[in-house]
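Descriptive structure summary
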Amino acid sequence: VLVIIAALAVVLGCMIKAGYFSASNYTHLNYDRYITVGKYKGLTYTKEKATVTQKEIDAQIKSNVQAKATTKTVKTGTVKKGDTVSIDFVGKVGGKTFSGGSASDYTLKIGSGSMIDGFEDGLIGEKVGSKVKLHLTFPKDYNTKKLRGKKVVFTVTINCKKVTSTPKYNTDFVKKYTNYKTKKAYEDSIKKQLLESKEQQNESTVQSTLWQEILSSSKVKKYPKRQLKYEKQKLDDNYTKAAKQYNMTKKKLLKAQGMTEKDITTQAKSTVKAKLVIYSIAKKENIKLTDKQYNNALKKMLKNAGFTEKSFKKQYNQTIQEYAEDNGFRESMLLTKVLKRVEKLGKAQTASSSKSSSSKSSK
């Protein structure tokens, strides 16, 4: 008997250490006691066919080319319309400076209309490096009331022009900036990337629609007390932390967002319901997310974001595991697996067939 008790103590100790009975853990719950999961098999969904036009390919190439543009400073010549210049300026009304009337190393595109009338035009034809005095008047509808209609003198120093050079899109560009040797190969790769992106978006739309359908048709019988308390506390902590960042009390932050303490409880209940549905379907369909898969996914996320575990902790003051726990990464990963299964168990129809069936039914 002592041997059995000792063995049970070891097992129980391991389970506690692993978080089996922790409030954040849902895997040990009897889901049927808490949730009635809505229909998730045989659901009909519409899946758009991903297509890419030449116009979209050209737009992406243009964006990629512009990303390789370089800007250099030029301290000679005169200012022309369309130039981008760096200026220092001091504005005075009645001989006194005023709030917002001065700036250093201010970047201004001549002709943009971002300054009051006469300011930009007054710099055209002036030499780079020169100092210019502009005698102007604020418009009567100026956004600062006390400056409306007032005469102002701006002393402007033209520091330099900023000249942007954009490379031409040709074979040389492809060879220099990409891993391809021909324009065709590069453009084919752009098309493939855009197609994959659209397919992912379409897949995400399908899964989001299926999830909302399942979630809305699922009914909570009662909320597991420990899990509800945990989710509510986690939300409470997050709002408290956010309030501190803005030098506010939690109550003021909630009020600013049109919320009360009751809304935190409502959010916590929604989180618990979602997790119960995820884990319940996963159990029914024998879908698992192993610790190895989970940790490998976290490592991949770190790598893609350019972090090491050490640099991530230094920047965010918590480990990637703690961050993932706070943001529900495990449930998100499991939900992805669940929805892939739901999709396989469902009935897909194309957008065209969906429109066709709806038009028939309307007749």
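Residues numbered from 1 in each chain as written. Predicted model: local features only at pLDDT ≥ 70, side-chain atom pairs only at ≥ 80, totals over all residues. Heavy atoms only, no water.

In the structure shown here, the tally under the stated rule is 18 aromatic pairs. The interplanar angle of 75 degrees and the centroid separation of 5.7 Å between the aromatic rings of Phe89 and Phe119 together place this pair among those described as edge-to-face. Here the residue Phe89 occupies a position in strand 4 (residues 84–93), and Phe119 occupies one in the loop between strand 5 (96–109) and strand 6 (131–137), the gap between them amounting to 30 residues. A residue is classified by how much of its surface remains accessible, and Phe89, at 6% relative accessible area, is buried. Judged by its relative accessible area of 0%, Phe119 falls in the buried class. Ring geometry for Phe119 and Phe154: centres 5.1 Å apart, planes at 75 degrees, overall edge-to-face. Residue Phe119 is located in the loop between strand 5 and strand 6, and its partner Phe154 is located in strand 7 (residues 151–165); the two are separated by 35 residues in the primary sequence. The exposure class of Phe154 is buried, given its relative accessible area of 5%. (Phe/Tyr/Trp six-rings, centres within 6.5 Å; stacked < 30°, edge-to-face > 60°. Helix = DSSP H or I, 4+ residues; strand = E, 2+ residues; numbered from the N terminus. Buried < 20%, exposed > 50% of the residue type's maximum accessible area, 1.4 Å probe, protein only.)

An α-helix turns once every 3.6 residues. As a result, residues three or four positions apart point the same way. Between its first and last C-alpha, helix 8 (residues 261–284) extends 35 Å over 24 residues, near the 34 Å set by a 1.5 Å rise per residue. One or two residues past the end of helix 8 sits Asn286, with phi positive at roughly 55 degrees. (Expected span 1.5 Å × (residues − 1).)

This brings us to the confidence of the model for the protein chain. Residues at a pLDDT of 70 or more form 90% of the protein chain, whose mean pLDDT is 90. Ignoring residues within four places in sequence, the model shows residues 1–21, a span with pLDDT below 50, making ten contacts including any to other chains. (pLDDT = per-residue confidence, 0-100. Contact = heavy atoms within 4.5 Å.)

For Asn286, which is not a glycine, the phi torsion comes out positive at approximately 55 degrees. One non-glycine residue, Asn317, lies in positive phi territory at about 60 degrees. Overall, the relative accessible area of 69% leaves Asn317 in the exposed class.

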